[in-house]
Amino acid sequence: MPTRIHVVDDDDSFRTAIERRLKLAGYEVATYPSAQQLLDRLPDENEPGCILLDVRIPGLSGPQLQGRLNELGFTLPIVFLTGHADTPTTVRTIKAGAEDFLTKPVEPEQLLGVIERALARHATARGERHKIEEMQALVAVLTPRERQVFGLVVRGKLNKQIAHELGATERTIKAHRHQVMEKMKVQSLAELVSIAERLGMLGERK
Amino acid sequence: MFRIIPLKRLVVGLFALFVPPGLSAQEVRSHSVLLLDQSDLRGPFYYQLSAGLRGVLDAHAEVRVTIYGENLDLTRFGGAAYEESLKRHFKEKYRDRPIGVIVAIGAGTLEHTLRWREELWPGVPVVFAMLDETHFAKLGRPADVTGVVMKKPLAGAIKAARAVVPGLDTVAFVGDDWARQVLFSHWDDEIPTATAGLNVIDMVGQKMADIRKRVAELPERSAIVYTAVFSDGEGTFYSPSTALGIIAKHANRPIVVGAEPLLAAGGIGGYALVASEIGADAAGLALRILDGERAGDVPPVTREAKPLFNWNQMQRWNVGESSLPEGSQIRLREPTLFEQYRWQSLAIFAALFFQAGLILFLLHERHLRRDAEAESRTRMSELAHLNRQVTAGELSSSFAHELNQPLGSILANAETAELILKSENPDMEEVREILADIKRDDRRAGEVIRRLRGYLTRTPFETKEIDLNLIMGEVFKFLSVQASARNVALYLQISPGELRIKGDPVQLQQVILNLVVNSMDAMAAIPYGRTVIGRTELNSGSLAAISISDSGPGIPSDKLSQVFEPYFTTKDQGMGIGLSIARTIILAHKGQIWAENQSGGGAAFHFTLPLAA
């Protein structure tokens, strides 16, 4: 899968220069002279990549584009790259989730390092999300009864307690529990607890 | 003379004894004057003399004086028969005309009068005029005679000749026979002493034709002494001044004369008799006698010849005023324009003087004003510079951005090129492209720095033709970073085409910048919707009109007129000079600037500048 860097900058010369350098570093590069153009053809999130965003762009500004992408739940990491960094803007963008905030002229080594880091983080995050999605898919196939049992098991309840709570026999609960382990593709209770935690089910009170 | 008088009185007294009792002079003296003239009245000298005499007699207030006049014409006629005929003629003519006083002009006339008096005018007193002192001395003062004695020695004429001819060595005498001279006959005797040491050329009594030739060939250091010529010696008679005119035309040397009227005829001057004065003197004496005094009791008066000179002739013979004898009067001086038109000249001079004064005053004023303007411009320049330095802080982000943009490109490109060159099979074409880009970005960076310098350097006020739209665009570009940092939307609406005006680009940029920054500051307190709109328009074909409007709270209406005052500020950190500098700069560009509140809210600042012709 190609890694694509999306460069948003109104300065032709800078776009060309940075495109050359990034290509040399082995990236695919897509350039956008305005923020709107990136909005118009949103990059594929599943493809590894990151956005290199100028702050001051005529029309929609860099920080404004960041806001829009956040609203859209767009996950590609954003690295700001600007001619002049003022503190309020920097703070605002970092708080809004920017990967980093760099000032031109930037050493290509530094830029590449930041991009790598961003890509790695994105990849990790993407992997993580992927796993969670998988787990969510597994949870989705549980029957309501099984989900109830799942929820109580990961909270450390004994079969007897669960049977009492749900008004069923201990044997039935045992069967459900087996079913859950099977469906969730785990061998131990510990694994089950870990899944529940990552899916945020431990906070639930059911 | 002093001794003579008692004797005269005695004679007069004796004479009175012989007068019949009824004819007592004191009572019955007829108020009439018989003027006997040796020459005729055609010549100017006699005319002036008789005019002077008449003037005084006519002015006699108490009784009118009758004046009779006779010309003896002795310069042209003579001989016993002529005298006899004259005597007979006068005897007949004045038989019934009592004469109070006889005025005899000239030595010859006096001689005839005294000879005829016994028979024609017994007992009538005689006043002589123009009797030279030498003749007077010989006369021995007969009874009932007084008059005007003249001092006009030849020495005077020689002195005048020496004055007009430096290093004089020769004098040439020109005139009729000495015996026929009315005024100067005594000079004949004075020649040996007066001309001692000088050569004498004697043309006395010569024919006019000869005189004309000889006066044209006189030696270098000579002068002509002219007495009077009455005829050409061949039957034509003229007045002495006419004759002098002829001679002067041919003479190669200056001509010294002894009578005032001869100045005008061509004489350079000399010790001269003034005829009107002599006439007046004689008239004065005659009046005293008519009023009752005895002629014997009236002492003769003396008139000296005065040094008079002809200005024109002085120019001709190159004689300076300083070389003339002391007390000389210069006649016939050509009146200067000033003398001719004295009052007009004075008026014109006064007007010129006034105007000159006014001009000087205005120049002075102008000078002061220009100094003041130059100073205020310097001040404005300094203040503007200060203001720019202050705003430069705010602008630093713009400059940093503009500068870092090309620097960023250059760095990236340079490294790329380096890596390409390190590769095994470098793409030289790409390296070339990269180098071209680097050069271009480098120039861009240089341009930014040049702009920054231009903005921050203190430059004197300079005027050139510029496009206001371009300036407006630059400033708005400048400020865009600042605007986005302050969350202000900046819009610019430019008129189509150019707005060419004459002015100082840096200062006009500053005006626009100050106005925009001012608008942005004014909106600091409003939470959202901060907008600044700049507009340029062509107004009625001759004005460039600029407006900067904002969406702020506007200006309190009672402060509208004060916003351009120096140190007027509503900001905590404001110096209150931004708008005041804007106004100063606009006024220096012969433009107008004003502020108003918009009907839809917010303030609008406007300025207009005249378009370049």
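Below is a short write-up of the structure. All values derive from a computational prediction rather than experimental measurement.

## A few points about the overall build of chain B
- When helices and strands are counted, chain B shows 19 helices and 20 strands.
- Counting contacts in chain B only where the partners sit at least 6 residues apart, residues at least 24 apart contribute 71% of the total.
- Counting only carbon and sulfur atoms, one obtains 55% of the accessible surface of chain B, whose full area is about 30,400 Å².

## Things to note about the sheet that holds strand β1 (residues 32-37) of chain B
All names here are of chain B.
- Spatial ordering of the open sheet is given by β2-β1-β3-β4-β5-β11, a layout of six strands whose pairing is parallel. Edge strands, defined here as strands with exactly one partner in the open sheet, are β2 (66-71) and β11 (301-304). Across the sheet, the axes of successive neighbouring strands diverge by a mean angle of 15°, strand direction being ignored.
- Note: strand β3 (residues 101-105) against strand β4 (residues 126-132), four bridges, orientation parallel.

## With respect to the interface of chain B and chain A
- At the junction of the two partners, chain B supplies 26 residues and chain A supplies 23 residues.
- Carbon and sulfur atoms make up 53% of the surface buried where chain B meets chain A, a total of about 2,100 Å² over both sides.
- At the junction of chain B with chain A, the criterion picks out five salt bridges.
- As a salt-bridge pair, B:Glu415 and A:Arg21 come within 2.6 Å of each other at their nearest N and O atoms.

## Description of the pairing of strand β8 (residues 222-226) of chain B
Residues and elements named next belong to chain B.
- In terms of residue burial, β8 counts as a mostly covered element, since five of its five residues are buried.
- Burial along β8 is two-sided: the residues Ser222, Ile224 and Tyr226 and Ala223 and Val225 are all buried.
- Here strand β6 (residues 170-174) runs beside β8; their pairing, made up of five bridges, is parallel. The partner of threonine 170 across the bridge, within β8, is serine 222.
- Pairing between β8 and strand β9 (residues 255-256): two bridges, direction parallel. Pairing of isoleucine 224 across the sheet is with isoleucine 255, part of β9.
- Read as a crossover between parallel neighbours, the route from β8 over helix α10 (residues 240-250) to β9 is right-handed.

## So, a nonpolar patch on the surface
All names here are of chain B.
- Taken together, Phe338, Trp343, Leu346, Ile348, Phe349 and Leu352 make up a surface patch of nonpolar side chains, about 630 Å² in accessible area.
- The element that contributes the greatest number of residues to the nonpolar patch is helix α15 (residues 342-422), accounting for five residues.
- Note that leucine 346 resides in helix α15.

## Details of the pattern of salt bridges
- According to the stated counting rule, one finds 39 salt bridges over all chains in the structure shown.
- One salt bridge in this structure joins B:Arg444 and A:Asp11, with 2.4 Å as the shortest N-O distance. In this pair, B:Arg444 sits in helix α16 (residues 428-456) while A:Asp11 sits in the loop between β1 (4-8) and α1 (12-24), so the two residues belong to two different chains.
- Note that A:Arg15 and A:Asp12 form a salt bridge whose closest N and O atoms lie 2.8 Å from each other. Here A:Asp12 and A:Arg15 lie together in helix α1, a separation of three residues that amounts to about one turn.
- You can call A:Arg15 buried: its relative accessible area is 13%.
- Judged by its relative accessible area of 48%, A:Asp12 falls in the partly exposed class.
- Because the salt bridges share partners, they merge into one network encompassing A:Arg20, B:Glu430, B:Glu433, B:Asp437 and B:Arg440.

Rules of the game
- Residues numbered from 1 in each chain as written.
- Chains lettered and ligands numbered in written order.
- Predicted model: local features only at pLDDT ≥ 70, side-chain atom pairs only at ≥ 80, totals over all residues.
- Heavy atoms only, no water.
- Helix = DSSP H or I, 4+ residues; strand = E, 2+ residues; numbered from the N terminus.
- Contact = heavy atoms within 4.5 Å.
- Areas by Shrake-Rupley, 256 points an atom, 1.4 Å probe, with all protein chains shown as cover.
- Pairing = 2+ DSSP bridges.
- Axes fitted to C-alpha atoms, helices over the stretch in contact; angles between N-to-C directions.
- Buried area = accessible area lost by both parts, 1.4 Å probe.
- Salt bridge = Lys/Arg side-chain N within 4 Å of Asp/Glu carboxyl O.
- Buried < 20%, exposed > 50% of the residue type's maximum accessible area, 1.4 Å probe, protein only.
- Right-handed = clockwise from strand over helix to strand, strands pointing away.
- Patch = residues over 30% accessible without salt bridge, like charges linked within 9 Å, V, L, I, M, F, W, Y side chains within 5 Å.

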